[in-house]
Amino acid sequence: MPLLELKDMSVAYGRIEAVRGISITVEEGELVTLIGANGAGKTTTMRAISGIRPISAGSIWFDGNDISKMKAHERVLHGVIQAPEGRGVFPGMTVLENLEMGAYARVFKTKAEHDATLGRVFELFPRLEERKSQVGGTMSGGEQQMLAIGRALMARPRLLLLDEPSMGLAPMVIQQIFKIITEINDSGTTILLVEQNAQQALSRSDRAYILETGEVVTTGEGKALLADPAVKQAYLGVA
Amino acid sequence: MSVLAVAGGQLLADSVISFDLGALARNFWALTIDGLTYGAIYALVAVGYTLVYGVLRLINFAHSEIFMLGMFGQYATLMLLGFGPSGNAYSEGTMMTIVYLGIAMLGGMAVAGGAAVGLERVAYRPLRKRGAPSLVFLITAIGASFVIQEFVHFVLPKLTGGTLGGVNAQQPIRLVQASDVISFANTSISNIEIVIVVSALTLAFAADVFINRTKFGRGIRAVAQDPVTATLMGVSRERIIMLTFLIGGILAGAAALLYTLRVPSGILYSGGFILGIKAFCAAVLGGIGNLRGALLGGLLLGVMELYGQALFGTEWRDVVAFVLLILVLMFRPTGILGESLGRARA
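Conventions we followed
Residues numbered from 1 in each chain as written. Chains lettered and ligands numbered in written order. Predicted model: local features only at pLDDT ≥ 70, side-chain atom pairs only at ≥ 80, totals over all residues. Heavy atoms only, no water. Pairing = 2+ DSSP bridges. Helix = DSSP H or I, 4+ residues; strand = E, 2+ residues; numbered from the N terminus. Contact = heavy atoms within 4.5 Å. Axes fitted to C-alpha atoms, helices over the stretch in contact; angles between N-to-C directions. Core = buried A, V, L, I, M, F, W, Y, C linked by side-chain atoms within 4.5 Å. Buried < 20%, exposed > 50% of the residue type's maximum accessible area, 1.4 Å probe, protein only. Expected span 1.5 Å × (residues − 1). Bend = angle between axes of the 7 residues up to and from the residue. pLDDT = per-residue confidence, 0-100. Phe/Tyr/Trp six-rings, centres within 6.5 Å; stacked < 30°, edge-to-face > 60°.

Chemist: I'd like a description of the sheet that holds strand β2 (residues 16-26) of chain A, backed by residues and values.
Modeler: Sheet strands associate in pairs through backbone hydrogen bonding, adopting either a parallel or an antiparallel arrangement. Residues and elements named next belong to chain A. Taken in spatial order, the four strands line up as β2-β1-β4-β5 in an open sheet, and their pairing is antiparallel. Each edge of the open sheet carries a strand with a single partner, namely β2 and β5 (65-66). Two strands pair when backbone bridges link them, and strand β1 (residues 4-13) and strand β4 (residues 57-62) are joined in this way by five bridges, in the antiparallel orientation. Considered in β4, the bridge of L6 is made with I60. Of the strands in this sheet, β1, β2 and β4 touch helix α1 (residues 42-50), which is tilted by about 110° from β1.

Chemist: Break down the nonpolar core for me, with residues and values.
Modeler: M101 of chain A together with F67, L119, Y124, V235, L258 and L301 of chain B are the most contacted members of the largest nonpolar core, which has 105 residues in total. The element contributing the most residues to this core is helix α2 (residues 28-56) of chain B, with 16 residues. If we skip the residues at most four places from it in the chain, L301 of chain B touches Y42, K278, C281, A282, L285, A321 and L324 of chain B. In this structure, F122, L169, I177 and A201 of chain A belong to the second largest nonpolar core, which totals 36 residues.

Chemist: Outline α2 of chain B, listing residues and values.
Modeler: All names here are of chain B. Between the first and last C-alpha of α2 there are 40 Å, a value that for 29 residues agrees with the 42 Å anticipated at 1.5 Å per step. The sharpest bend along α2 measures roughly 25° and falls at V45. α2 sits mainly inside the fold: 25 of its 29 residues count as buried. Positive phi appears at R57, one or two residues downstream of α2, with a value of about 55°.

Chemist: Lay out the confidence of the model for chain B with the relevant residues and their values.
Modeler: Residues and elements named next belong to chain B. This prediction gives chain B a mean pLDDT of 89; 93% of its residues lie at or above 70. Between residues 1-9, whose pLDDT stays under 50, and residues either more than four places distant or in other chains, the model counts 11 contacts. When the criterion is pLDDT under 50, residues 342-346 qualifies, and its contacts beyond four places in sequence or with other chains add up to 16 contacts. At the level of chain-chain contacts, confidence expressed as ipTM amounts to 0.94, with global pTM at 0.91.

Chemist: Requested: an account of the packing of aromatic side chains, with residues and values cited.
Modeler: Residue and element names in this part refer to chain B. Tallied over the full model, the rule gives 11 aromatic pairs over all chains. With centroids separated by 6.5 Å and ring planes inclined at 35°, the aromatic side chains of Y38 and Y42 adopt a geometry described as tilted. Linking Y38 with Y42, this pair stays in helix α2, spanning four residues, or about one helical turn. The class for Y42 is buried, based on a relative accessible area of 2%. Through successive ring pairs, a cluster of aromatic residues spans F28, W29 and Y307.

Chemist: I'd like to hear about the sheet that holds strand β3 (residues 31-36) of chain A, residue by residue, with values.
Modeler: Residues and elements named next belong to chain A. An order of β6-β7-β8-β3-β9-β10 is seen for the six strands of this open sheet, with the pairing classed as mixed. Strands at the two margins of the open sheet, each flanked by one partner only, are β6 (80-83) and β10 (215-221). Taking each pair of neighbouring strands and ignoring which way they run, the sheet shows an average axis angle of 20°. Across four bridges, the pairing between β6 and strand β7 (residues 159-163) is parallel. Its bridge partner lying in β7, V80 is registered against L159. Here α1 sits on the sheet and contacts β3, β6, β7, β8 (190-195) and β9 (207-212); the angle it forms with β7, its principal contact strand, is near 150°. The strands touched by helix α7 (residues 171-186) within the sheet are β3, β7 and β8, with β8 carrying the most contacts at an inclination of about 155°.

Next up, the structure:
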């Protein structure tokens, strides 16, 4: 049984269907990527999985349960955690407060459990510990992205949704972020990643889906897609 | 303080407005203390406007009526405790007076807090579900304000057999006889003023700690700063909205009791209107959406109003409040401390 399964899912904005009957599965422990051009429906798909955007047809299954009608904030309780596009760092809160927001829906049994989770995030992102009393809005793009991912980890996700973590970042920082994403996945967290940076994403993914105008056009193993001439031409800027 | 009675008063316009710097200088401390007691009450009510604005971007004009219901709530509580209107203040001893006032305050808080949550449920939530534009919320708020007033005006007396509400003002129940407890220079501070300022500042401090230091306070700030991301963190926006109305209502209910201590002129269905507008001014003055702004704006407005009253004459008091608001907004359109609930932390 897959951890996440989208069955013929459609999402409409008014009369315009942004996502048209896509079917996607993510198995426990996998790192799966959605790639595609702007407007292909990647972010819409992520919003639908988190429940911020209602679906117009099909269904969303998580851990064997139909969560299509479940409220967004309740999905968080089940372990569906998203670091949204544009990072969504709370600008007026400190780094530490932002991280605590990640654990908002979670009840820690002991203070030690809380501290261990926070410690793990600081281990992955030492920069966040250095900056923990800095206000979120004053941080650089790379630091904000680290904060967004770190915050999502505070919730102990069963499925971590990352929407364009490399957007607007310098190549060095992108490398660093992808390295950490791989590390998070290696330690057992299932990840669904949305990316425009196809090279990085495909080389690190177990599997990938390519979206075009709201439909899945290709799917396969990450490395296989990386070698596919059509994919190369369309997404890797190679003639 | 009529214009003609002001010794040494300079006549600016024929018997309409005076300018008496001497009156301000002579009574400076008395005016400051008096202003702070009003200001503390404005501040508590202003928090309700500012929190709801922060979370919903809605000016809840019916908040002045929540305050008014708080006045009736504490009044009804005192009646249930066996008190009634009388010419002289009761003398129950210091300890018991504090206990009775505490119970009355809780009564006011319960009524106002409950009414605020009820208002949200009945008036605003259905509109949110239907995705109504913000103008509709505003009109609804004004409508709700009239509905609550007329409820106390016409319906409440029928429900209570004429005991509460109605056309005439409720005669005050006075538990505390004002007496001066501290004197210095030509200024004295009364027991009532101390009770008001201390209680209001304690509640304001508690509200500040709640918003800035607790999990639910963080939830409120998160919804104010970025509602979609807050939802992604597992925050129920609906629950946060309810909580916000509840806090605003509770503080308005507490302010209602303090207000009736200070201004024991009897309570009336229309008695929340002016105070509500002043508190709204205070919230805008400090920077609407900003909790500390509301507190600062309230205190500042209360004090400036009384300075203005001394300078220009009593009848200009309300004008001073609004002119001050306009002046501040001309130079700082987002208020003294700026907007955003989230930036409330320095």
